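Single-letter residue listing:
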Amino acid sequence: MSDTHASSDARREPVQYEIRLKGHLEARWAAWFDGLSLTQESDGTTVIRGSVIDQAALHGLLNKVRDLGLPLIAVKQVSLNDPKQTKGKER
């Protein structure tokens, strides 16, 4: 049986994620998302962007999204050099 998981001893850098929700979240929600940025897009969506330390933290973040009751549109891992990360108006 092959091991498909990376060694737990390996130090990993936080990964950048972009989570898109249907509907707009007010800026006051940023604190609840531990400093991740919230951007209200003109298409009526909110994009949550920022570093997530590991998969457990990502699952915790997605649990918070679920608790909001807003429809989840997409979860995307993004590069720090992704020009789309600067798109939209930050709140």
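You'll find the structure just up there.
Below you will find a few notes about this structure. Just so it is clear, the model here is predicted, and its values are computed rather than measured.

**Examining the overall build of the protein**
Looking only at helices and strands, the protein features one helix and five strands. Secondary structure elements in the protein, listed N-terminal to C-terminal, are β-β-β-α-β-β. Accessible surface for the protein amounts to roughly 6400 Å². Of this, 51% is attributable to carbon and sulfur atoms.

**So, the packing of aromatic side chains**
For the structure shown, the criterion picks out two aromatic pairs. Ring geometry for tryptophan 32 and phenylalanine 33: centres 5.3 Å apart, planes at 75°, overall edge-to-face. Using a relative accessible area of 33% as the deciding quantity, one classes tryptophan 32 as partly exposed. Site record: aromatic cluster; members linked through ring pairs are Trp29, Trp32 and Phe33. When the ring centre of tryptophan 32 is taken as origin, the NZ or CZ atom of lysine 64, which lies over that ring, is 5.5 Å away.

**Quick notes on the nonpolar core**
Within the largest apolar cluster, 13 residues are counted, with the highest numbers of intra-cluster contacts made by Ile19, Leu21, Phe33, Leu38, Ile48, Leu61 and Val65. Within the residue set of this core, elements represented by two or more residues are strand 1 (15-22), strand 3 (45-52) and helix 1 (55-68).

**Some words on the side chain of glutamate 18**
Here glutamate 18 is to be found in strand 1. Using a relative accessible area of 8% as the deciding quantity, one classes glutamate 18 as buried.

**Structural notes on the side chain of glutamine 16**
Along the polypeptide, glutamine 16 turns up in strand 1. The exposure class of glutamine 16 is buried, given its relative accessible area of 13%.

Parameters and conventions
- Every residue gets a number counted from 1 within its own chain, in the order that chain's sequence is written.
- Since the coordinates come from a predicted model, pLDDT governs what is reported: local features require at least 70, and pairs of side-chain atoms require 80 or more to be given and counted, while whole-chain, interface and lining totals use all residues.
- Processing note: side-chain calculations cover all non-hydrogen atoms of the structure and skip hydrogens and water entirely.
- Secondary structure follows DSSP: runs of H or I at least 4 residues long count as helices, runs of E at least 2 residues long count as strands, and numbering of each begins at the N terminus.
- To be clear on the numbers: accessible area is Shrake-Rupley with a 1.4 Å probe, and residue cover counts the displayed protein chains and nothing else.
- Stacked, tilted and edge-to-face are the three classes assigned to paired rings of Phe, Tyr and Trp, where Trp is represented by its six-membered ring and a pair needs centres within 6.5 Å; plane angles under 30 degrees give stacked, over 60 edge-to-face, the rest tilted.
- The classification of residues rests on relative accessible area computed with a 1.4 Å probe and restricted to protein chains. Under 20% of the type maximum is buried, over 50% is exposed, and intermediate values are partly exposed.
- Whether a charge lies above a ring is judged from NZ of Lys or CZ of Arg, which has to be within 6 Å of the ring centre and within 35 degrees of the ring normal.
- Residues belong to a common nonpolar core when they are buried Ala, Val, Leu, Ile, Met, Phe, Trp, Tyr or Cys residues joined through side-chain atoms within 4.5 Å.

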